[in-house]
Structures are given as C-alpha cells and as structure tokens.
Amino acid sequence: MAEERKKCGEGFWRSLEESQSDRPRPDEESVSSDAFPHGPGDVSRRHFLRFMGASLALAGLGGCDRPPAETIVPYVRQPEEIVPGKPLFFATAISIAGLATGLLVETHMGRPTKIEGNPSHPASLGATDALAQASVLGLYDPDRSQVLTYLGRIRPWSQFVAAMQELRKELRQNKGKGLRILTGTIGSPSLGHQINQLLKEFPGARWHQWEPAGRHHTRAGARLAFGAYVETQYRLEKAEIVVALDGTLLSCAPGYLRYAREFARRRAPSPGAEGTSRFYAVECTPSSTGATADHRLALSTNETIAFVQALAVRLGIDLPRTPSLPPPQAHWLEALARDLEAHRGSSVVLASEHQPPLVHALAHAINRSLGNVNQTVAYTDPIEVNPTDEIASLKELAADIDAGAVDTLIILEGNPAYTAPADLGFRDRLAKIRLRIHLSLYNDETSALCHWHVPAAHYLESWSDGRAFDGTASIAQPVIAPLYGGKTAHELLATLSDRAERSAYDVVRAYWRERRGGSEAEFERFWRKSLHDGVIEGTAFAPKAVSLNLSAIAAAASPLPSSGSGTQSNVPRSADSQSVELVFRPDPSVLDGSFANNAWLQELPKPLSKLTWDNAALVSPATAERLGLGTRQGFTGGAVYTELVEIRFQGRAVRAPAWILPGQPDGTITVHLGYGRTRAGRVGTGTGFDGYALRTTAAIWSGSGAEVRKLGGRYALATTQTHHNIHGRDLVRTVPLAQDRETQANARPEKHNAASHPSLYPEFAYPGYAWGMAIDLARCIGCNACVIACQAENNIPTVGKDQVLRSREMHWLRIDSYFKGPPNNPETVYQPVPCMHCEMAPCEVVCPVTATAHSAEGLNDMVYNRCVGTRYCSNNCPYKVRRFNFFQFSDWNTPSLKSMRNPDVTVRSRGVMEKCTYCVQRINRAKIEAEKDGRRIRDGEILTACQQACPAEAIVFGDINDAESTVSKLKADARNYALLEELNTRPRTTYLAAVRNPNPAMDKA
C-alpha cells in the first residue's frame, strides 16, 4: 500500500507528517481523512447529540433571517453616464513604498467594488497583486480614522488650518528652524516638488524618510557599485538563465508583476520551443520565488555573501580574497558558473533588497562581466524624488531630537512609533518634541503619541500622482468622495503655504501644467488623455550608462563579513538555547503592518506555510530538533498546536510560536514583520507578535547572534495546509523539459469531451457554449492574487481565526502547496483549486432539493434559495471545493460594507453552500453584449476574476466548443490532465503539468 501511494502521488507531500511516514499517526489519520474536522478537543456522543439539536434549532431560526429593511430614494436627475447594472471603470494608481502600479477601478452607481490591473500600465500589464485587490476593503473599513483630533478631542479642519497658519508665521521668522518632515519613500513628482518648495521657503527645515519595507540595501548596493543611486531594470523576456539571490523577484520587487509575466512566458513551454529559461535561486528563507526555481540553494546571509564572492571570482572578477566553500556548495557553484558562461548576454543575476549591499554590488559586477548590461539588465535614474539612505536619515532625526533641534515634526502617512528600528527608541523620543502632527488612515500607535491627528484619505479618494518602476508617471484620480472626510498629504502641506485651502487636485494639475507648457487647450487634451489611459505618455526613464567601481567593491569584500547584516549579541547565551541568524521579512499578506486591519489579507493563507491570522518564527526541521521542538507540527482537529519559543537579540526579547518550514536553512530563524499591533483596528490589533521589537538599524534584514530557546506552553495556529487532504492521489504533476518536448512531438490532441469511461450519469449535449478552464502549473507562482480577486468579485466573507481552526474558511479558490524530496530542501509546486465544474458531477445527484444543478453550458450552478444545508454535495465532492457558511459570516450591519459588495452577485446568509461559479455574472454580461451585436462571444472576451488578476497568466478560461480558443488549445496540450480523472467526473477545469528545466550538470543528490 505504501509503495502504491508513493507511485500514485509521485512522491509529493503537503506536511512534515506525510514526508516522514507512509501513513499518518492514528490520531492524525482520522482528522486528515475527515472532510470537516471538528476542531480542537474530543466530542462525546452525548455532547454531539446536544450540539446537533442546537444546530437544528438554529438552522430553523436562521432560515427566517432577512437582510434589514431599508428605504432608498431614487435620483431626482440621473447622471447621464450612469446606467444601472452596468459598471464603469476608471484608471488610477496605487503607490506602495514609493512605487506606483496602474489600476482600473470598477464602480457601480458611483461605488468602487473591484480592482483590476491596467493593461496600458508597464508595471501592471493588466495584472494585480493581493494587496491591490484587497485595498477596496480598506476603503470601506469602518475602523479608519474618521475625525480630526487635537490632544484626543475632535476639532474642525478650519481650526487645524488656522493653527498651521500660525505655525507658518513662526517658521517664517526663524526660517524653518526646528521643523522636520518625516515621510515614507516618495515617488510622487508633485508631492516631492511640494516638499522641496516648502524647504526652499524654510531653509532651516529638514526632510527625513523612513520606509520599513523599503529598498535600503538596494540603494546602498548601487551606491557602492556605481558611486550614485541608480535604478536597475531587468528584461526577463531576453534571459535564458536567471539567478535570484533571495526571493523577491516574483513577490515584492519593484516591477514584480511585469517580471512575473515575462518570467512565466519563458517558463511555460510551447511545442517546438527552445527558449525555456532555467532558474536558480539562492535564499535564506523559503519564498514564492524560490519555489519556482529549477535549482534552489538554502543558505544563511553569511553563507550567501561568501557564495556570491566565490561566484564572482570564478567568473573572472578580481577580488582580494576567494572564500572557501563546502564541497556541495562548491559543486553547485561550478555548475552554475558554467551555465552562466555558456549564456553570456542572455543571463541575469539579481539580488533582492534583503541581501546586504555587498551582494548587490557583486551582482552588478557579475552582470557586467557576463555582458548582460543593456541586454537583460539596464540602469536608469532613481524613481524616488529624493533618494537617500533612509536608515541614516532616521538616525539623523533621532540625533536632532536628542539635541533639542526638533521643535515641530510632521509625519505623513507612516507609523514610525511601530516600525522604526528598536534601538532608536522612537516612541520615547517623540515625547521630547513640542508639536507633533500625524496624517494617517488609522488612529494608530504613532497617532496616539501626537498632538494633531489628521485622518488621511484613501488612495481611491485622493488626487495624486506616482512613478512606476521604469519611471512611467500616472495620475491617481479619486473614484469616490472621501467617505470620512480624509485629507491628502498635498492638502496638509498646503496649510503651511500662502494658499492654505489649496486642494490636492489643484496641486497635482498645477505641477503638470507647469511642466507640459503649451496652450491651455493642449494641456487639457493631455490631462484628459492621461486620466483616461492611466499613464502619462513619454515619461519612462531612458537607460543610462554607469561606471562600475571595482576597487570600492573589492575593498568592501575584504575581509569577509563575519556577522551578516547585524552584530553579535553580547548577551550571555543560556544553556537551553542556541545561537542562530535572525532574518526579517515583510509579511506576504499584511506587508509592513499597514494592511494589518484588512480581514481579507489576515485570512489569506500565506504562500508556503498557509498560516492565517498570525505570524510565526520559521525554523528548519533540523533546527527545530536541536531546540527540542520535534520534527512534527502538533495537529489536533483543525488546529495546529506549536511550541512557544523565546527569541533574544541584542538585549531584546519576544515570545513567538515556532513553525517548522521545509526548505528553511539550518541555523536561521525567520520573523515576518507587520504583526503585534496595539492600535490597528478591531481586526489587526492583537494578532501575532511584534517582529519590529527585535529589528535594529544594524540588522535591518538579518543579524547573527540571536538566541532561541524553547518555552513551556503551546500556541494554536490556524493553517489551511492540511485541510482537505486527499492522500495517495496523483494531484500535482511535474515533467522535465526534455521529456516534455518528446511528449509534445508525439502528442495527438484528443477532444476534451470525449468520454474515456462509460458512466451511469446521464450524458449532456452542449450545442452552444461549453465553458472550461485550464490552469498551467508551470506558470503559477502562488502569489494569491487570484484568491483575493475571487473574494472581492463574489462577496465572499471572512470567518475569523476560530472558524479557520475548524476548517471553515470560505475561499472559493485555494492554492495548495506540494513538496517533493527531503524536507531540508524540497521541490515545491503550487496548484490553484477552484470548483472543477464536472460534467458528471457527483454533487448534483445527491442534492435532495436540486440546489446544485447542471447548466446547458456545462456549469455546475448553485441555486442559493433552494439550499437547505444538508451538505450532502460537499461530502460527495472528491475535490473538497464547496464551502458552507455555518454562521452569519457576512456582515449585514456595518453600513459602509454594504456599499463595497458586487451587486451582480448574491450576498449569502447562513446555512447555504457556496463555491466557484466560473464568475457566471461575467459570462452573462458578455452574452448580453454579444446578443445585442448578433454574434458569438469572442475568445478572451470573458475573463474570470482569478484569470484577470493573475500576473503569470496561469489561468485561462473560454469556450471549449471553439477549437481555436486558447483554452481548447491548452486542453489539447500533451501536459494537460484532469484531477482524479480515474473517478470519471470529467471536470471542466484541467491542469497542465509543471515543467522543470534542470541543469544536467547539477548534482541532484
């Protein structure tokens, strides 16, 4: 049986338990085989009957629930451009860490309900990420700050303006002495100009910047290599060999949506294609980027520095010292170096922000030596208005505060009391400043320490502008008036000028009017076109020549760093602890904590661990064993009980739950930032632990000498990784590139609907449309954009940590992570799993009220009004893709959330089964338009929400009756297969096996 399981499953596993034994332990087997785990603890027969009776009673009462009655008033005069039931789209841009991404915002009757990517924007190309998709929930968040306050008391905007004008008089007298402005990274040309104009008027003032998830090491590395700040751009469509030094390329690097698309197009093979790229990853914590690599090497930061130096020397770069590497690393490096030498001019080596500046500089030197500059690598002017060393800038501000040189501090949309490095003691220093003013979306940790708190406008309520990773500028226009009277940074800074009531629109328009010149009519045409397109034509930065300073790099490379990016701790190590390297990373869901109050992102399973509602200290299986944590996670019901550990670093300590993560380098522990908030709103306050409490200016992304020891006690983590396991099944497949080419050459396409086995189910004919989906596992990068896009499109509620612990998450689309090989460095494959829309659907025949039914076009429909909650359909679904709302998960009572929901999709109450519908509302909308034109729906005219968001174009939807459609061609591909096809359910959703392009010279052992 064990051999049969391994054969069917191709050796893939989803949890450490599966990797370590052929069968789960007895207490785990019953849980993992249950479609609906009961949750923590055992349930006796007496308690079960009691709960069952209560459930039936509540179900009867819940069936009588109705949405609250409301009185609506129609338009007195309906706006001409608004047609009820027909959405409008407006172009805008979201800026995160100073970089803008172009978006299209879907609005219904003036209400923004959905975010899409702007196909015309170079940083988007029509795709989005999870943060942008979830930002619409942030717009309607009732916890957003709604009033302007002074010393905790509500004040009108006019009083704030008057106070700022009085401050202006003082500043004019002393030429701005004592004024400090603290911002994040600024990529807005108009806002940067506004700040610089203020500094000209008040020359004694200073502008400081701090971005907790910013590109501190990237800038420092460029300055080390070239003597100046420059921006690095990559052309992955030309790269045959890609080497990523740490994993941000496909997750949070500047321009990563575009890079993901270019990368995926080179990774997904086509018949006869010879240009499939090969990908190497060297990283000190597992990432979505490393998960897609053909070869992955797990190293600590110190080991990575030595590895990159050795690679540079091997490729002919003159350095004063050649590091000695262990034999496995040396063999890996030699195979990599030969591959790079064989692809001069068509390879690229790139370093992520999390690597030290020396690694960045060496990557620049390697690219130059390989002839990649102006081929796969280009350099431009920096995107930021005022590029600076932000760590040094924050230190300077702290020193000025201590010296009594700061009289007034204006903080624009940051939260330094929470995010500033712990060794600066920023919270205590704020108390020394006479006047503190804070603009922010939430009344957060910094707001509590400031005199004036000004509620900020959401980016969907604001006029501004921004630049993309390549310099392309966009106008960010509002799509709705400020819901809570929020103000922009433009408006706050205007209160210190001679035009105190100047609006953000006036500031942005005046900036571009001055730079465009020409007549007013010409500018008006430019302005309207820029707003309509979402990009300002001709603003991308041109490549520039740079001169590499090898002597500076060589000086920095000798001697070899001995402590990574940090310093050794001088705290004595206890006998029951061990010294490890501490690694900091922005959280893949809540980033630096600015999205902590977003319930969609809190409940979004993280790409590899699948944790929700928490962060954890990530350790390798070997490190966990040395710490006495064991090598298994403690599964009990739907919960995972994990050991608590204490992490001590440079005299500071935090308590955290440990999570054993396959692929984590030994001797390192990774902490994700953004949790442990104390004033984040009702959703984000109190979740997880605060990683910033350990972060210092000398250890921004990593530091050696941290001490970790096991504590008594356990902590319940909500992870979806082991939910809905289907043991011993061939669910995910991979194929080497060479084998795939041979298969493609000999493949004979077969009609998708051809029945391979006889069935007792009735056959259906599909004379019109026959909808289907193909998902290419070679392209999927596990970014979760599709999951949040589906949630936003279909009004899917969140359920909270307690319900996730009971396997009751409501996502209609999940992304399963599969591992293969040893736990210390496994191969990883992602698999998105929506409803399969089976032609022979086992869910349909068991429903007693025909709530789930088959449509004439092959959709597995759900009729919510019929559903009585038997859950027979879910029990009979082999794919476990149906969701049941056990409670009233949708919030009927919060007024602002009602405006957020998509009016084309029913909002479900309790006791109803839900699942993926292939976005049937989008299908019907396209059918109506096609019927009005007297034609069939064109291929690509319908984009499901998940498909439209996907940056890697891994999901394709269309009519499989159209032999020329993209989805039909993919289903005819030799890599195409169906999940559990042996059950003869004939799913309309099929998969293309992931393709790997390994280096034959690489030692696979």
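So, here's what we can say about the structure. Keep in mind that this is a model prediction, so the values were computed, not measured.

### Things to note about the environment of Lys 915
Move 1: Here Lys 915 lies in the loop between β35 (913-914) and α28 (920-933).
Move 2: The class of Lys 915 is buried, set by a relative accessible area of 1%.
Move 3: Residues Lys 915 and Met 862 lie 53 residues apart in sequence; the distance between their C-alpha atoms is 7.8 Å.
Move 4: Filtering out sequence-adjacent residues up to four positions away, Lys 915 remains in contact with Trp 812, Cys 835, His 837, Asn 860, Met 862, Val 881 and Arg 882.
Move 5: At 2.6 Å, the side chain of Lys 915 and the backbone oxygen of Asn 860 are in polar contact.

### Some points on the packing of helix α11 (residues 301-314) against helix α13 (residues 357-369)
Move 1: Following both chains from N to C, one finds α11 and α13 inclined at 20°, their axes separated by 10 Å at the closest point. Judged on the interaxial angle alone, α13 and α11 are roughly parallel. The element α11 and its partner α13 pack so that their crossing is left-handed. Along its contact with α11, which presents Ile 305, Val 308, Gln 309, Leu 311 and Ala 312, the element α13 presents Leu 358, Val 359, Leu 362 and Ile 366.
Move 2: Tallied by class, the residues present in the contact of α11 with α13 amount to 8 nonpolar, 1 polar and no charged.

### Re the packing of helix α18 (residues 504-516) against helix α19 (residues 520-533)
Move 1: Where α18 contacts α19, the two axes come as close as 11 Å, and the packing angle between them is 120°. Put simply, α18 runs oblique to α19. For the element pair α18 and α19, the recorded crossing hand is right-handed. For the pair α18 and α19, contact is made by Tyr 505, Val 508, Arg 509, Trp 512, Arg 513 and Arg 516 and by Glu 520, Phe 523, Glu 524, Phe 526 and Trp 527, respectively.
Move 2: Residues that form the contact of α18 with α19 fall into these classes: 6 nonpolar, no polar and 5 charged.

### A look at the pairing of strand β16 (residues 435-440)
Move 1: With 6 of 6 residues buried, β16 lies mostly within the body of the structure.
Move 2: Burial of the side chains of β16 extends over both faces: Leu 435, Ile 437 and Leu 439 are buried on one face and Arg 436, His 438 and Ser 440 on the other.
Move 3: By the bridge criterion, 5 bridges tie strand β15 (residues 408-412) to β16 in an arrangement that is parallel. Bridge pairing in β16 places Ile 410 opposite Ile 437.
Move 4: Direction of pairing for β16 relative to strand β17 (residues 452-455): parallel, over a ladder of 4 bridges. Of the residues in β17, the one forming a bridge with Leu 439 is Val 454.

### Comments concerning the environment of Arg 258
Move 1: Relative to the helices and strands, Arg 258 is located in helix α9 (residues 256-267).
Move 2: In this view, Arg 258 contacts Pro 122, Ala 123, Leu 125 and Phe 469; residues no more than four positions away in its chain are not counted.

### A short note on the sheet that holds strand β13 (residues 347-351)
Move 1: Judged by pairing direction, the sheet is parallel, and its 4 strands sit side by side in the order β12-β11-β10-β13 without closing on themselves. In this open sheet, the two edge strands, each paired with only one partner strand, are β12 (295-298) and β13. Averaged over all neighbouring strand pairs, the angle between strand axes comes to 10°, with direction disregarded.
Move 2: Alignment of strand β11 (residues 278-283) against β12, held across 4 bridges, turns out to be parallel. Paired with Glu 283 across the two strands is Ala 298, which belongs to β12.

### Remarks on unusual backbone geometry
Move 1: The backbone of Leu 591 sits at a positive phi, close to 60°, despite the residue not being glycine.
Move 2: Along the chain, Leu 591 falls in the loop between β20 (577-586) and α21 (599-602).
Move 3: Judged by relative accessible area, which is 14%, Leu 591 ranks as buried.
Move 4: Phi at Trp 613 takes a positive value of approximately 60°, unusual for a residue other than glycine.

### Brief notes about the pattern of salt bridges
Move 1: This model, assessed by the stated rule, comprises 58 salt bridges.
Move 2: Asp 400 is the partner of Arg 180 in a salt bridge, and the nearest nitrogen-oxygen pair spans 3.3 Å. Separated by 220 residues along the polypeptide, Arg 180 in strand β7 (residues 179-183) and Asp 400 in helix α14 (residues 390-402) bring together distant segments of the chain. The exposure classification of Arg 180 matches that of Asp 400, with both residues buried.

### Observations concerning α11
Move 1: Here α11 spans 20 Å end to end across 14 residues, near enough to the 20 Å set by a 1.5 Å rise per residue.
Move 2: Of the residues making up α11, those classed as buried are Thr 301, Thr 304, Ile 305, Ala 306, Phe 307, Val 308, Gln 309, Ala 310, Leu 311 and Ala 312.
Move 3: Looking one or two residues past α11, Gly 316 carries a phi angle of roughly 100°, positive in sign.

### Some points on the state of the cysteines
Move 1: With the rule as written, the count across this model stands at 0 disulfides.
Move 2: With no disulfide of its own, Cys 783 lies closest to Cys 950 among cysteine sulfurs, the gap being 6.0 Å.
Move 3: Taking the relative accessible area as the measure of exposure, Cys 783 reaches 28% and is therefore partly exposed.
Move 4: Cys 843 carries a free sulfur, and the closest cysteine sulfur to it, the one in Cys 873, is 6.3 Å from it.

### Observations regarding the sheet that holds strand β29 (residues 771-776)
Move 1: Read from one edge to the other, the open sheet built from 4 strands follows the order β36-β29-β38-β37, with strand pairing classed as mixed. A single partner strand is all that each edge strand has here, and the edge strands are β36 (955-959) and β37 (976-977).
Move 2: Pairing of β37 with strand β38 (residues 989-992) involves 2 bridges; the strand directions are antiparallel. Opposite Tyr 977, over in β38, you have Tyr 991 as the bridge partner.

### Brief notes about the packing of aromatic side chains
Move 1: Applying the stated criterion to the full structure yields 23 aromatic pairs.
Move 2: Taken together, a centroid distance of 5.0 Å and an interplanar angle of 85° make the contact between Phe 884 and Phe 886 edge-to-face. Grouping residues by exposure puts Phe 884 and Phe 886 together as buried.
Move 3: Considering the side-chain rings of Tyr 977 and Tyr 991, the 6.1 Å spacing of their centres and the 35° angle between planes classify their relative orientation as tilted. One end of the pair, Tyr 977, is in strand β37; the other, Tyr 991, is in strand β38, and 14 residues separate them in sequence.
Move 4: Aromatic rings pair up to connect Trp 463, Tyr 505, Phe 523, Phe 526 and Trp 527 into one cluster.
Move 5: Just above the ring of Trp 157 sits the side chain of Lys 487; from NZ or CZ to the centre is 4.7 Å.
Move 6: Of note, Arg 677 hangs over the ring of Tyr 418, and the distance from its end group to the ring centre comes to 4.9 Å.

What counts, and where the lines are drawn
- Residues numbered from 1 in each chain as written.
- Predicted model: local features only at pLDDT ≥ 70, side-chain atom pairs only at ≥ 80, totals over all residues.
- Heavy atoms only, no water.
- Helix = DSSP H or I, 4+ residues; strand = E, 2+ residues; numbered from the N terminus.
- Buried < 20%, exposed > 50% of the residue type's maximum accessible area, 1.4 Å probe, protein only.
- Contact = heavy atoms within 4.5 Å.
- Polar contact = N/O pair within 3.5 Å; in protein donor to acceptor, adjacent residues only side chain to side chain.
- Axes fitted to C-alpha atoms, helices over the stretch in contact; angles between N-to-C directions.
- Parallel < 35°, antiparallel > 145°, perpendicular 65-115°, else oblique.
- Left-handed = near helix turned anticlockwise from the far one by under 90°.
- Nonpolar A, V, L, I, M, F, W, Y, C, P; charged D, E, K, R; others polar.
- Pairing = 2+ DSSP bridges.
- Salt bridge = Lys/Arg side-chain N within 4 Å of Asp/Glu carboxyl O.
- Expected span 1.5 Å × (residues − 1).
- Disulfide = S-S within 2.5 Å.
- Phe/Tyr/Trp six-rings, centres within 6.5 Å; stacked < 30°, edge-to-face > 60°.
- Lys NZ or Arg CZ within 6 Å of the ring centre and 35° of its normal.

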